[in-house]
Amino acid sequence: MKLSFTKMQGCANDYIYLDCRESGVPENIAALSQDLSRRHFSIGADGIICICAPVTAGADGRMRIFNADGSEAQMCGNGVRCVAEWLYTHGVAKETLVVDTGSGPKTITRKGRQLWQVEMGGYSAMAAALPAVNMGEGPLVDCPLTVEGRTWRVACISVGNPHCVTVVDDVDSLKLEDIGPAFEKHPNFPERVNTEFVQVVDSTHLKMRVWERGSGETWACGTGTCATVAALTELGVCPAGEDVHVQLRGGELIIRVLPGKKLLMTGSAVTVCEGVTEV
């Protein structure tokens with residue numbers, strides 16, 4: 001069986017995009033994501049994103065995201081920009097698009113060639129929103145978390161999916177492959193957690209690496225970058241209402257915390273290639 005796909009990336013957070021608007025999501029999507037995401041052996045990606053028919057009145061499409069291990073996630077900030085770019089170049093050429101996600105509809109506005117701004121919605125540091133257990137009800141800001149014998153100071157932020165943010169002196173020296181899985185599968189996070197390690201350059205410039213649940217270290221994470229700026233705003237490091245530039249391994253994202261603890265994210269969305277593969 002032949003499967004048509006588009007490979008896209010936002011800050012090197014790369015996914016395989018499938019047009020499922022008429023066909024629906026393949027029944028074997030979990031296995032497909034595991035197989036096609038294998039780097040060096042297949043197309044290679046952080047997972048598969050299915051572009052589906054919208055479920056909300058007035059929306060232009062729906063995004064469903066499957067990690068490289070086959071698990072489904074609620075939301076992907078880099079992915080939703082790429083869905084907007086895909087729709088824009090495949091017959092829905094509107095400057096502002098609405099895309100349904102597992103964490104609600106997102107409004108995405110075109111800011112230039114391959115550049116999109118996403119209204120990410122609000123964030124929460126309350127335990128029930130993540131969910132998180134054994135840490136109190138929240139807000140979970142500057143909390144101790146013991147991971148394999150070492151205690152870290154963390155902020156736990158939900159932006160529609162769960163994140164655990166910790167400030168470090170030097171992100172480049174971290175061995176994420178050693179510590180990432182222990183954070184992801186920590187018993188305090190019953191649905192696992194995405195973990196961001198952030199180095200503060202100054203109040204509006206950060207450097208970040210991320211360990212994503214189900215995918216391992218990725219070169220960027222849109223929701224994780226939003227959660228990081230939200231966390232550092234809660235900690236009084238970053239100013240609300242101003243652009244904060246976050247350098248990731250795959251490029252830069254710009255995040256702004258708006259009134260009401262809402263988030264605005266701006267970043268690229270680039271088509272790498274289109275093709276057909278045997279499945």
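Residues numbered from 1 in each chain as written. Predicted model: local features only at pLDDT ≥ 70, side-chain atom pairs only at ≥ 80, totals over all residues. Heavy atoms only, no water.

1. What to know about the overall build of the protein
Part 1: A count of helical and extended segments in the protein gives four helices and 18 strands.
Part 2: In terms of overall size, the protein behaves like a compact globule, its C-alpha atoms giving a radius of gyration of 18 Å where 279 residues would be expected to give roughly 19 Å.
Part 3: Over its C-alpha atoms, taken along the principal directions, the protein stretches across nearly 50 × 35 × 30 Å.
Part 4: Expressed as a percentage of the 279 residues in the protein, the buried residues total 52%.
Part 5: When contacts within the protein are restricted to residue pairs at least 6 apart in sequence, long-range pairs at least 24 apart make up 60% of them.
Part 6: Accessible surface, the protein as shown: approximately 11600 Å² in total, 49% of it carbon and sulfur.
Part 7: The protein carries 25 positive and 33 negative side-chain charges, and their two centres are separated by 2 Å. (Helix = DSSP H or I, 4+ residues; strand = E, 2+ residues; numbered from the N terminus. Rg over C-alpha atoms; globule rule 2.2 N^0.38 Å. Buried < 20%, exposed > 50% of the residue type's maximum accessible area, 1.4 Å probe, protein only. Contact = heavy atoms within 4.5 Å. Areas by Shrake-Rupley, 256 points an atom, 1.4 Å probe, with all protein chains shown as cover. Lys, Arg positive; Asp, Glu negative; His and termini not counted. Charge placed at Lys NZ, Arg CZ, Asp CG, Glu CD.)

2. Observations regarding the pattern of salt bridges
Part 1: Overall, the coordinates contain 16 salt bridges when judged by the stated rule.
Part 2: The salt bridge involving D19 is made with R21; its shortest N-O contact spans 2.9 Å.
Part 3: Here E234 ties to K261 by a salt bridge, and the two come within 3.2 Å at their closest N and O atoms. A residue pair is termed long-range when its members are at least 10 positions apart, and E234 in helix α4 (residues 222–234) and K261 in the loop between β16 (251–258) and β17 (262–268) qualify at 27 residues.
Part 4: A residue is classified by how much of its surface remains accessible, and E234, at 29% relative accessible area, is partly exposed. (Salt bridge = Lys/Arg side-chain N within 4 Å of Asp/Glu carboxyl O.)

3. Quick word on the nonpolar core
Part 1: Formed by 53 residues in total, the largest nonpolar core has its most connected members in Y17, M63, V83, L87, I157, L206 and L263.
Part 2: Residue contributions to this core peak at seven residues, all from helix α2 (residues 77–89).
Part 3: For this core, the two domains that each supply at least three residues are domain 1 (2–120 + 268–278) and domain 2 (124–260).
Part 4: Excluding anything up to four places from it in sequence, Y17 contacts F5, T6, M8, I49, I51, N78, G79, C82 and V83. (Core = buried A, V, L, I, M, F, W, Y, C linked by side-chain atoms within 4.5 Å. Domains from an automatic or database assignment.)

4. Topic: the UniProt feature "active site" (unreviewed entry) in the protein
Part 1: UniProt's feature table lists "active site" (unreviewed entry) at C76 and C221, given in the numbering used throughout. Despite a sequence span of 146 residues, these residues sit close together in the fold, their greatest C-alpha distance being 7.3 Å.
Part 2: Within the secondary structure layout, C76 lies in the loop between β5 (72–73) and α2.
Part 3: Looking at C76, the relative accessible area reads 4%, which means it is buried. (UniProt positions renumbered as here; feature names shortened; annotations may be inferred.)

5. As for the environment of V92
Part 1: Structurally, V92 can be placed in the loop between α2 and β6 (96–100).
Part 2: When residues no more than four places from it in sequence are discounted, the contact partners of V92 are D60, L87 and L97.

6. What to know about the domain arrangement of the protein
Part 1: Each assigned domain of the protein is listed here: domain 1 (2–120 + 268–278) and domain 2 (124–260).
Part 2: The interface of domain 1 with domain 2 comprises 18 residues on the first partner and 20 residues on the second.
Part 3: Of the roughly 1300 Å² buried at the junction of domain 1 and domain 2 (both faces included), carbon and sulfur atoms supply 48%.
Part 4: Its largest share of buried area at the contact with domain 2, domain 1 owes to C11, Q74 and M120, together 35% of the area lost on that side.
Part 5: We note a salt bridge from D69 to R192, for which the minimum N-O separation is 3.5 Å.
Part 6: Taken together, domain 1 and domain 2 are joined by seven residue pairs in polar contact (both at pLDDT 80 or more).
Part 7: Those elements that place two or more of their residues in the side of domain 1 that touches domain 2 are β2 (13–19) and α2.
Part 8: The leading source of residues in the side of domain 1 that touches domain 2 is α2, at three residues.
Part 9: Of the residues contributing to the side of domain 1 that touches domain 2, the split by class is seven nonpolar, eight polar and three charged. (Buried area = accessible area lost by both parts, 1.4 Å probe. Polar contact = N/O pair within 3.5 Å; in protein donor to acceptor, adjacent residues only side chain to side chain. Nonpolar A, V, L, I, M, F, W, Y, C, P; charged D, E, K, R; others polar.)

7. Some words on the pairing of β6
Part 1: One ladder, built from two bridges, connects strand β4 (residues 61–67) with β6; its direction is parallel. Residue pairing in the sheet places G61 in a bridge with V99 of β6.
Part 2: Pairing of β6 with strand β7 (residues 106–112) involves four bridges; the strand directions are antiparallel. Along β7, the bridge assignment pairs V98 with T107.
Part 3: Counting the residues between successive antiparallel strands, the hairpin from β6 to β7 contains five residues, one of them, G104, with a positive phi of roughly 100°. (Pairing = 2+ DSSP bridges.)

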